[in-house]
Amino acid sequence: MNQQDLPAPNRRANGARTLGEPIVVIDRVQKSFHGNHVLKDVSLTVHKGEVVVICGRSGSGKSTLLRCIDQLETIDGGTIHAAGHLMGFREKNGKLVPLRDAQIARQQRDLGMVFQSFNLFPHVSVIDNITMAPVRILKRDKTEARNEARALLQRVGLPDKENAYPRQLSGGQQQRVAIARALAMKPKVMLFDEPTSALDPEMISEVLDVMIDLSEQGMTMIVVTHEMGFARAAADRVVLMHDGRIVEEAPPEEFFQNPRSEHTRLFLSKILSH
């Protein structure tokens, strides 16, 4: 993507928006895998209604950070507060005590996660993919859940696909169903891990359009992506990770036009030249 291909400057971060209280607070988080130090003292605060895009080279730690927020990975140090929860732990006598899996699962209900791969259940229809968790986990009325699922399919532009099976959908359509499925749990924060990386180029925009619509409706979003056009159009803040650390965070205009870090300048020079 060339610089001239980027959308118009961010219309959300023009000084008129007022963000809410902190809803995700990452404080000095550490994470290692088999001696490889992947996250190094990472701290980041995200406010209610904010869209934060995290970018960086492969292996910089950005997807690991997202997985730690949702407790798909257990952190080795620091703390993560998200949607009112101390993620993965409880405090007892001034110490952090790990939670049981069932307790972590209850925390995860307030976070919606959309992955690179769509992770839809291939053997059930689109509407059943969306309603399964609300009915089984949240014990919602099945008829009510199906009505909400139809509204979500309308929202992501797929009102005629409720009876289709995943194999009958394009990659972009499957990812939009995955977004609807995450929204069906009524999360307080949406996490996106490279949501367009598995898509053909012509399908990317249909997913990004849904995400931009979510951002404009006030959904709190943390998005790991290389789509700099989306970052410029929808983000309130862009974060660059390098070698397990946050090396820059700034509003889109400043991030793209006047980056402070040499790592950011090098990253942008490579990704915007493609």
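For the structure, check the block above.
All figures in this text were calculated on a predicted structure; none of them were measured in a lab.

What counts, and at which threshold
Residues numbered from 1 in each chain as written. Predicted model: local features only at pLDDT ≥ 70, side-chain atom pairs only at ≥ 80, totals over all residues. Heavy atoms only, no water. Pairing = 2+ DSSP bridges. Helix = DSSP H or I, 4+ residues; strand = E, 2+ residues; numbered from the N terminus. Axes fitted to C-alpha atoms, helices over the stretch in contact; angles between N-to-C directions. Parallel < 35°, antiparallel > 145°, perpendicular 65-115°, else oblique. Left-handed = near helix turned anticlockwise from the far one by under 90°. Contact = heavy atoms within 4.5 Å.

Visitor: Before we move on, could you go through the pairing of strand β6 (residues 89-92) and cite the residues and values that matter?
Guide: Sheet topology places β6 next to strand β7 (residues 95-98); four bridges connect them, and they run antiparallel. Its bridge partner lying in β7, R90 is registered against V97. A loop of two residues connects β6 with β7, the two strands running antiparallel in sequence, and N93 in this loop sits at a positive phi of about 55°.

Visitor: Tell me about the pairing of strand β2 (residues 36-47), and please be specific about residues and values.
Guide: Where strand β1 (residues 22-33) meets β2, eight bridges bridge the pair, whose relative direction is antiparallel. Within the sheet, the bridge partner assigned to V24 lies in β2 and is V46. Where β1 folds back onto β2 in an antiparallel hairpin, the turn is made up of two residues, including H34, whose phi is positive at roughly 50°.

Visitor: Help me get a handle on the packing of helix α5 (residues 171-183) against helix α6 (residues 201-216), residues and values and all.
Guide: A pair of packed helices is characterised by two quantities: the angle between their axes and the separation of those axes. At their nearest, the axes of α5 and α6 sit 8 Å apart, and the two run at 20° to each other. In terms of orientation, α5 and α6 fall into the roughly parallel class. As α5 packs across α6, the resulting crossing turns out to be right-handed. Judged by residue contacts, G171, G172, Q173, Q175, R176, I179 and L183 of α5 engage M203, E206, V207, V210, M211 and L214 from α6.

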